[in-house]
Amino acid sequence: MYDEFQFTIARELTVSGIGLHSGEAASVTISPARPGAGVSLSLRNGVPVRAEANVVARVPLCTRVVTPTGQIDTVEHMMAALAIIGVDNAEVTVSGPEVPILDGSAAPWASAILRAGLVRQSARRRFYAIKRHFRYTVGGSSFVASPSRQGIAVTIDFPGTAVGRQETRLPWGKAARLMDARTFTFEAELPFIRRAGLAKGGSLENAVVVGTDGPLNPEGLRGQDEYVRHKALDLVGDLAFAGAPIRGGIEAVRPGHAANSAFLCALLDEGVLELVAPEDAKAAA
């Protein structure tokens, strides 16, 4: 993530699976892209859009990208994997309205990307620097951006549940530690989610279901902090829609997809982020 040059993937890759909310078979093809192209997303035979803040619709339970030819849901884990590995330019084509959930984390996406390999490109990478201290609150979520820190810190709080309060803090260079953290939901909320027509493809194979006493998954958790690491992973994926890596400190309390998107838009609209030259960005890292 700290190299001064841009990267794309070495060869085209395809990932297939089931959509978490649609329950339908889904396939994603990720192809190399030219320097400076960024990450673009499109439906098959559709019109691509560049992954930027203005293409994200603020909906609960997933990150939705709106293209001229239809929406694409649940892109957050794929976007997090691309961002953490350091893929600047790629063309993403999706077979339907949702990407596969796989195991509910970013780890399978990262494995597929790394198997395809990376190519260093001739263009230099640009970064967003946080210019000033900035606080933002929306709904029950709060955020702080700081130029004097480096990394991401997330706090979640689910009082009266087996999740409780958890915190994680790590530098951007260690964000790969978030990759294997799976999405989670509460057993008590499943009837409401299903009645809303969501999670049709959900199972213990692609999500952690939290019961009264802890996870219902036979294998348990991937570390006691898996819940908060997943929320941090989601935040990384949602911040990837800045269109360039962010350098500085980001702290979030009770983040969620819609709130993450609103925070990113506020950072851009309020001039908190400054797109800087590669040499300056490298020095800031």
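Visitor: Let's hear about the sheet that holds strand 15 (residues 164–170): which residues, and what values?
Guide: Taken together, the five strands give an open sheet; going across it, the order is 12-13-19-14-15, and neighbouring strands pair in mixed fashion. The two strands at the open ends of the sheet, each matched to only one other strand, are strand 12 (134–138) and strand 15. Between one strand and the next, the sheet's axes are offset by a mean angle of 10°, whatever the strand orientation. Pairing analysis gives five bridges linking strand 14 (residues 151–158) to strand 19 (residues 249–253), with the strands arranged parallel. Its bridge partner being in strand 19, A153 is matched across the sheet by E251. Contacts from helix 5 (residues 257–269) reach strand 12, strand 13 (141–146) and strand 19, with the element oriented near 145° to strand 12.

Visitor: Tell me about the packing of helix 4 (residues 226–239) against helix 5, and name the residues and values.
Guide: For the pair helix 4 and helix 5, the least separation of the axes is 9 Å and the interaxial angle reads 40°. When the interaxial angle is binned, helix 4 and helix 5 end up oblique. With respect to the hand of their crossing, helix 4 and helix 5 are arranged in right-handed fashion. Contacts between helix 4 and helix 5 involve D234, L235, D238 and L239 from the first element and H257, N260, F263 and L264 from the second. Looking at the contact of helix 4 with helix 5, its residues break down into four nonpolar, two polar and two charged.

What counts as what
- Residues numbered from 1 in each chain as written.
- Predicted model: local features only at pLDDT ≥ 70, side-chain atom pairs only at ≥ 80, totals over all residues.
- Heavy atoms only, no water.
- Pairing = 2+ DSSP bridges.
- Helix = DSSP H or I, 4+ residues; strand = E, 2+ residues; numbered from the N terminus.
- Axes fitted to C-alpha atoms, helices over the stretch in contact; angles between N-to-C directions.
- Contact = heavy atoms within 4.5 Å.
- Parallel < 35°, antiparallel > 145°, perpendicular 65-115°, else oblique.
- Left-handed = near helix turned anticlockwise from the far one by under 90°.
- Nonpolar A, V, L, I, M, F, W, Y, C, P; charged D, E, K, R; others polar.

What is shown is where atoms sit, not what they do.
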